[in-house]
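Observations on the model geometry
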Amino acid sequence: MKRWRYLLGKIGWAVFTVLFVLVLNFFLFRVLPGDPARAGIHDPRLKKEAIEAIRVRFGLDKPVINCFESLNPVKFGSCAVNPLDTQFFIYVKNLLQGEMGISYHTNRPVANILAERLWNTILLIGAGQLLAIFIGVIFGVFAAWKARTSIDYGALIVSLLAWSLPTFWLGIILLFWGSNHGLPIGGMQTPGMSSQPFFARAGDVLSHMLLPTLTYTIVYMGEYMLIMRSSLLDVLSEDYVLTAKAKGLNTFQVLKDHALKNAMLPLVTVIAINLGFTMAGAVQIESVFSWPGLGGAIYEAVNRRDFPVLQGAFLLIAVAVIVANLIAELTYAYLDPRVQSE
Amino acid sequence: MTESALVSAPATPSIATRFADFWRVFRRNKMGIVGFVMLLVIVFVAVFAHVIAPYGPSAQHGVGTSDIYNPPSAAHWFGTDDAGQDVFTNFVYGARVSLIVGFFAAFISVFIGGLIGIVAGYYGGRVENVLMRFNDIMLVIPDLPLMVVIVALTKPSLFNIIFVIGLLGWTTTSRIVRSQTLAVKSRKFVLRARAIGAGNRHIIRRHILPLVMPILVVNAVLVVSAAILDESVLSFLGLGDPTALSWGQMLNYAFGRGAMSTGAWWALIVPGFGIVWVVLGLTLFGHGLEQVLNPRLETHHLMRAQPTVRHEATGKPLRPGPRTRLPSEAPIVLQANDLSISYVSDDRPPARAVENVSFYLREGELMGLVGESGCGKTTLALSLLRLLPAAGQVVNGEIWFGDTELTGLTDEEMEQVRWKGISMVFQGAMNALNPVRTVGDQIAEAIVKHDPTMKDAALEARVSELLDLVGISPEHNRHFPHQYSGGMRQRAMIAMALACNPKVIVADEPTTALDVMIQAQVLELLDSLRRKLGLSIIFVTHDLGVVAEMCDSVLVMYGGVTAEYADVDTIYNAARHPYTQELLKAFPDLTHPERRLVSIPGHPPKLDQLPPGCRFAPRCPLAFERCLVEQPAIHQLSDWHYASCHLAEETKQP
């Protein structure tokens, strides 16, 4: 019973966070000086009818939120405005219908653009993260087990170095090296491959994925290695490890049956916390390698001042991270029998 | 999270001495020194940019296209960039921009984070709840995309960038500061300050802040490196200040203006190298600082053990004598001869934790191993099963278990003896049992290790049988340790210790963590099991009352050596060592309720400051000159009585 309450609490909190991001996103784009909708209206390229259509579509003639002018959003009574008739609620309503606006640059619906790109990012990040976790965990286990030996110090130096490399710069270096050795210099597919059979296409995508994934892995494995090492060191100095040893179990058995599962738990938490940072990495890698994902969408939108896309991409990225974070927390609750309530 | 070593020290020494101490330790930390030097170099470069750079900043040398992307040469050590400017010059001036942005942004972040952390941690309640929830939200929201959005919507000026990075970078700092504040808040001197009515702000300033500082400083270093990375990414994405040529901005121009296609690797490598240098320097420095300010004992139970030093057992082995409560024909199951154990370390001489201790244990005997904290009794107990920490080393003596000499066994052979021949019951800390595995599972594991043929129904039956033996009903075997009460956990540990029908159980203060009623239950259980199963038990404790009730023999240790070793009746009625006598005087006696309790003034010797003579001499009421210079030998006073005291020498048996 307690666990259900815990789970519901976590889910509720995630929903609240999404709402917070929604509100934040809305205000960032409407309130900050570079307000896109209003800026769009002054774009001389637009025809009168288009300007009018935008005005109606986004409710630009309506108040931003209830009583915005007096900065008192909750005063329903003395404002002669129906709260549902404000820009904010129009925005929320549009979102719920999957409407995210129209890209300034391509005139296509933002939602469509981003939907395509979401999966590309998930593919790249998914592969990179899995590899980073896998390698990081292995290195970390060895480093902790052989703590204070040269294996440990070597792994530590490598990890700290990897951690200090700016993601985009490592991408540039690898791209530079790769392009001189026949690897593709960007994008996800070689033009003209879409008509080829599945395996040829898959192979092509993989060759394009190689360098960005490698960049991703190198940058993040360092951190996971450090976390795993410190977590395993903590675990290996716990009393129950001594008990296990006293029972006559050999080193391998103790590691396998007592230490690893316990040491992995903090790693799950770290992976959850890290998801926001992995998005930072995604933005950088996708921009360097021209990978058509959400991060790349942000980069292009910034360069072209395509605010609807920027706003939509940010929202989508934030929501993705919140959801993934929730999944990680629920996984932790499942794995750790001590979790009862907040 | 463990508290910093500095937290436990009172904040009274002067700033100068504290810094001198810190520097002494820090100097030996290679990682920290390397990082520090790296930082000094780059700060020097930034400060003296105008001296080091061969050209003026943004100097245009030749406006023609022939100057663009020239490879390194004598005139341009690192070539030219996309505008024909000298890369080295821009690199050197760019250091200023990157460092300034990094430091100022980090300052804002650390300030905000520290403030939020301290306020949340100190005031607690609603305030803390709200602040930490807000913190969680900001933690989850991805930083860089948010920064990108905000800077894209506002002006990409340097000031703006510093502000944005600073305003978004406090989330990790506040968490860490809050944890530390919580830890410090409940320390005695803070409680005392509050009790005498000191104001909150005063307490925060004088007591909490100094102890939060070390962790804050370490975190600040890492925040600076994060800020520098953030600025370089923002600049690279095209959101940098176009008037300030930071390293990230240089990379933005190079990448966006064809450095790759023209093969101008120098325009790409050099600025990036600068970023790596600074960030790596900061990271190494930060880690070094952390190791000094927050030292973790990086040792664990699976580290390679020290080799046993094999010597011939010096001195006379004990001649086993009779015990009043045991049949004297009972065979000896465990015997230690002249056991000496030290803790070795790289920078100090070995600490002699146990020196020349001997005892023997008959079948069915319960020996009490008594002494103050730090006297070596736990070290002795652990050494029997070769469970010493990585720094522990047996430097002398033998341990005989039946016909087998334990110190000479290989690791694999020792694994066979563990639990099956000799098992242990550890102090009832919460973590003596693995918290993520069921209790039944852990007991079964012990059984299966030494008898792989046991499985399924037979195994489960045996586990239930063991739990029943200690009074735990079998449905609990599917529960986790945190679902057991303290007394139940201890009984479960005893059940586990019996799993392979050992001959000897070593119980290391099994009841110390329990309350008195439960203590009595557990002791009674141990005693009855001993009688029922013919076990021998070594009972490590500092409670003489328990010893009197249950034990057959007593080994009193002090400062690592045997003070007195005798039959229990002898110890209680005819103790010869002054330490034993003082110990007895310190314990209440129901038959003489009016007798005053006498405590022994002073404290036991530190292992690295052992006195030259008898180790008890500084505190001994009967000490004389010889005691201070010569360590007494262990004199045999009768068949079953040994004491290491000069005063016992006259009446010893030959």
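Scroll up for the structure.
A brief look at the structure comes next. Every residue gets a number counted from 1 within its own chain, in the order that chain's sequence is written. Chains carry letters and ligands carry numbers; both start at the beginning, A for chains and 1 for ligands, and go up in the order they are written. At least 70 in pLDDT is required for a residue's local features to be given in this predicted model, at least 80 for side-chain atom pairs to be given and counted, and no such filter applies to totals for whole chains, interfaces and linings, which use all residues.

Looking now at the overall build of chain B. On a plain count of helices and strands, chain B comes out with 22 helices and 12 strands. The principal-axis extents of the C-alpha atoms in chain B amount to approximately 105 × 65 × 60 Å. By residue count, 46% of the 654 residues in chain B fall in the buried class. Here contacts are defined at the residue level, using C-beta atoms placed from the backbone and a cut-off of 7 Å between them. Long-range contacts, defined here as pairs at least 24 residues apart, represent 69% of the contacts in chain B between residues at least 6 apart. We count a stretch as a helix when DSSP gives it H or I for four or more residues in a row; a strand needs E for two or more, and each element gets its number in order from the N terminus. The exposure label follows from counting other C-beta atoms within 10 Å of a residue's C-beta, where the C-beta atoms are placed from the backbone and the thresholds are 20 or more for buried and 12 or fewer for exposed, leaving partly exposed in between.

A word on the interface of chain A and chain B. For an interface, size is often stated in terms of accessible area lost upon the parts coming together. With 65 residues of chain A at the contact, the number on the chain B side is 61 residues. Where the side of chain A that touches chain B is concerned, the elements lending two or more residues are α1 (2-31), α6 (150-164), α7 (167-179), α8 (198-236), α9 (239-246), α10 (251-288), α11 (294-304) and α12 (307-335) of chain A. The greatest single-element share of the side of chain A that touches chain B, amounting to 13 residues, is contributed by α10(A). In this classification, Asp, Glu, Lys and Arg are treated as charged, Ala, Val, Leu, Ile, Met, Phe, Trp, Tyr, Cys and Pro as nonpolar, and every other residue, Gly included, as polar. Considered class by class, the residues forming the side of chain A that touches chain B number 40 nonpolar, 16 polar and nine charged.

What follows concerns the pairing of strand β8 (residues 536-541) of chain B. Residues and elements named next belong to chain B. Burial analysis of β8 places six of its six residues in the buried class, the great majority of the element. Along β8, one buried face is formed by Ser536, Ile538 and Val540 and the opposite face, lined by Ile537, Phe539 and Thr541, is buried too. Direction of pairing for strand β3 (residues 366-370) relative to β8: parallel, over a ladder of five bridges. In the strand pairing of β8, Val370 is matched with Thr541. With five bridges connecting them, strand β7 (residues 504-508) and β8 associate as parallel partners. Directly across from Asp508, in β8, lies its bridge partner Val540. Think of it this way: DSSP has to see at least two bridges between two strands before they count as a pair.

All right, on to helix α18 (residues 516-533) of chain B then. All names here are of chain B. How far a helix is expected to stretch is found by multiplying one less than its residue total by 1.5 Å. Over its 18 residues, α18 extends 26 Å from the first C-alpha to the last, a length consistent with the 26 Å expected when each residue adds 1.5 Å. Burial in α18 covers these residues: Val522, Leu523 and Leu526. One face of α18 carries all of its buried residues, which in axial projection span an arc of 100°. Along α18, the residues that are exposed and aim more than 90 degrees away from the buried face are Met517, Glu524, Ser528, Arg531 and Lys532. The arc refers to the directions leading from the helix axis to the C-beta atoms.

Before going further, it helps to spend a moment on unusual backbone geometry. Residue and element names in this part refer to chain B. Positive phi, close to 55°, is recorded for Asp338, a residue that is not glycine. With respect to the helices and strands, the residue Asp338 is situated in strand β1 (residues 332-343). The buried category is assigned to Asp338, around which 20 C-beta atoms lie within 10 Å.

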